[in-house]
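Results of the structural survey
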Amino acid sequence: MTDALTIAGLFSVDSAPLSAEPYGSGHINATYLVQLAPPADGRVILQRINRRVFSHIAALMENVANVTAYLRRMVEAEGGDPRRECLRLIPARDGAPMVMDEEGEYWRAYVFVERTVTLQTAQTPEQLHSAGLAFGRFQRLLNGYPAADLHEVIPHFHDTASRYQDFERAVAADVKGRAAAAQKEIDFVRARHKETGRLVSLLQRGELPLRVTHNDTKLNNVLLDEESFAPVCVIDLDTVMPGLSLYDFGDGIRVGASTAAEDETDLSRVSCDLALFEGFTHGFLSECGALLTDQERALLPFGAKLMTYECGMRFLADYLEGDTYFRIHRPGQNLDRCRTQFRLVADMETKMAEMEAIVARCL
Ligand code: ADP
Ligand code: GN1
Ligand code: MG
């Protein structure tokens, strides 16, 4: 495989790349941090895009280029700093938005936003408040973007009913003979089958508005200021597509309000922390609450539960299919990930009334 350092040299960077090291903890793409030689001394994020997951990479890159350009104009109009508050693609030396290597893999590069951190789990409600602000602002800034102009890079991405069909197919095929070991988790999914169509049918009936959404609002997809933890920049724009505000809110809570890592094996450490929930909700709604309809507002806690359920179901289906989608670092990791999600779902089910009260308070 062509090495990352060689690829980095094909982008229009200010000086020679000195090193390229694996970076971050995403499950899909391969990310590298590239150090440039003096005098530029800058750093660059280089990514090999997963072409199994993204079959139309040119369309994906068109979305990213258009959305980042639009965000840049919006940030400027609000008096923000466009060099830090939105992602900036670095074109290839030939002017193309990406580079294809000899194996047919696609690579792209972004300006590295300095003096920021990403968190895998939140330590304080203030940190989650920042994440909520960032994703709420993202929603607000893109409110005027024509959703129909975006490519649907992964059709039915958050269509939970369609994800349920995929899951049942994985159980029926049981290609790795793992279903017996996951019977409890399979039963957990099936017991909630009736809820899978709730949001999609409201959307189909026109009772929920289609918006431009991020669709992968996990905590490590927002850069926070390394000292103050103030929100700086929303990243990982591969799944920006038309969607529901409830997807972005829900996925933000799924990771952000959890007291443990996504693959924690000690389930007694996993719960949905209501102070963290309130932090995110307050931040998110203070940025985009005024845009939301009454129906969207009322469904926020359900959105959190549904996105957590859906993600757990996807981890479980991938475990049954032999871990072909989400990258794993140890055997059984996708089963562990699914178990934390279901523990969170069960916990959220006992806390729905409290979550609704928090949403009402934040509005
Ligand atoms: P993945 O698809 O693998 O999740 P991301 O785009 O989220 O890839 O990037 C992985 C990690 O790299 C992020 O969690 C963040 O820590 C870091 N990162 C990505 N883009 C930038 C950037 N422009 N500036 C600084 N750090 C970044
Ligand atoms: C994947 O790429 P990453 O790690 O940010 C996945 C999300 C899941 C998430 C679970 C394109 O996100 O949908 O919610 O893992 N991205 C894609 O951690 O499927
Ligand atoms: Mg990411």
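Residues numbered from 1 in each chain as written. Chains lettered and ligands numbered in written order. Predicted model: local features only at pLDDT ≥ 70, side-chain atom pairs only at ≥ 80, totals over all residues. Heavy atoms only, no water.

Moving on: the coordination of the magnesium ion (ligand 3). Here the magnesium ion (ligand 3) is held by Asn221 (OD1) and Asp236 (OD), and the distances to it run 2.2 Å. A residue pair is termed long-range when its members are at least 10 positions apart, and Asn221 in the loop between strand 8 (211-213) and strand 9 (222-225) and Asp236 in the loop between strand 10 (231-234) and strand 11 (241-243) qualify at 15 residues. Among the residues examined, Asp236 registers a relative accessible area of 27% and is labelled partly exposed. (Donors = N, O, S within 2.8 Å, 3.2 Å for Na, K, Ca; no water. Helix = DSSP H or I, 4+ residues; strand = E, 2+ residues; numbered from the N terminus. Buried < 20%, exposed > 50% of the residue type's maximum accessible area, 1.4 Å probe, protein only.)

All right, on to the environment of Lys351 then. Position of Lys351 among the secondary structure elements: in the loop between helix 11 (333-350) and helix 12 (352-362). Exposure remark for Lys351: the relative accessible area of 16% places this residue in the buried category. Separated by 49 residues in the primary sequence, Lys351 and Phe302 have C-alpha atoms spaced 11 Å apart. Sequence-distant contacts of Lys351, defined by excluding residues within four places in its chain, comprise Ser271, Cys272 and Leu274. Of note is the side chain of Lys351, whose polar atom sits 2.8 Å from the side chain of Asp347. (Contact = heavy atoms within 4.5 Å. Polar contact = N/O pair within 3.5 Å; in protein donor to acceptor, adjacent residues only side chain to side chain.)

Quick look at helix 2 (residues 57-77) now. Spanning 21 residues, helix 2 covers 30 Å between terminal C-alpha atoms, matching the ideal 30 Å at 1.5 Å per step. Burial in helix 2 covers these residues: Ile57, Ala59, Leu60, Met61, Asn63, Val64, Val67, Thr68, Tyr70, Leu71 and Val75. Where helix 2 is buried, its residues contact strand 3 (43-49), helix 3 (82-85), strand 4 (89-90), strand 6 (106-111) and helix 4 (125-141). (Expected span 1.5 Å × (residues − 1).)

On to the environment of Asn66, then. Position of Asn66 among the secondary structure elements: in helix 2. Residue classification places Asn66 among the partly exposed residues on the basis of a relative accessible area of 36%. With 47 residues separating them along the chain, Asn66 and Ser19 place their C-alpha atoms 30 Å apart.

The next point concerns the side chain of Lys218. Its place among the elements puts Lys218 in the loop between strand 8 and strand 9. One buried charged residue, Lys218, remains without a salt bridge, the closest side chain of opposite sign being Glu262 at 4.3 Å. With sequence-adjacent residues up to four places away left out, Lys218 is seen in contact with His27, Phe135, Asp251, Arg254, Val255 and Glu262. (Lys, Arg positive; Asp, Glu negative; His and termini not counted. Salt bridge = Lys/Arg side-chain N within 4 Å of Asp/Glu carboxyl O.)

Now for the site of ligand 1. Lining the immediate surroundings of ligand 1 are 17 residues, of which Gln47, Val113, Thr118, Asn221 and Asp236 lie closest. One of the side-chain N or O atoms of Thr118 is found 2.9 Å from an oxygen atom in ligand 1. Note that an oxygen atom of ligand 1 is positioned 3.0 Å from one of the backbone N or O atoms of Asn220. About the coverage of ligand 1: the protein hides 95% of its 550 Å² of free accessible area. Of the residues in the shell around ligand 1, the class split is eight nonpolar, eight polar and one charged. (Near = heavy atom within 4 Å. Areas by Shrake-Rupley, 256 points an atom, 1.4 Å probe, with all protein chains shown as cover. Nonpolar A, V, L, I, M, F, W, Y, C, P; charged D, E, K, R; others polar.)

Residues in close proximity to ligand 2 total 17 residues, the closest being His27, Asp216, Lys218, Glu262 and Tyr325. Asn221 is positioned with one of its side-chain polar atoms (N or O) 3.5 Å from an oxygen atom of ligand 2. The separation between an oxygen atom of ligand 2 and a polar side-chain atom of Glu262 is 2.7 Å. Summarising the interface, the protein chains cover 97% of the accessible area of ligand 2, which totals 440 Å² for the free molecule. Here the shell around ligand 2 gets three residues from one element, more than from any other, and that element is helix 10 (residues 294-321).

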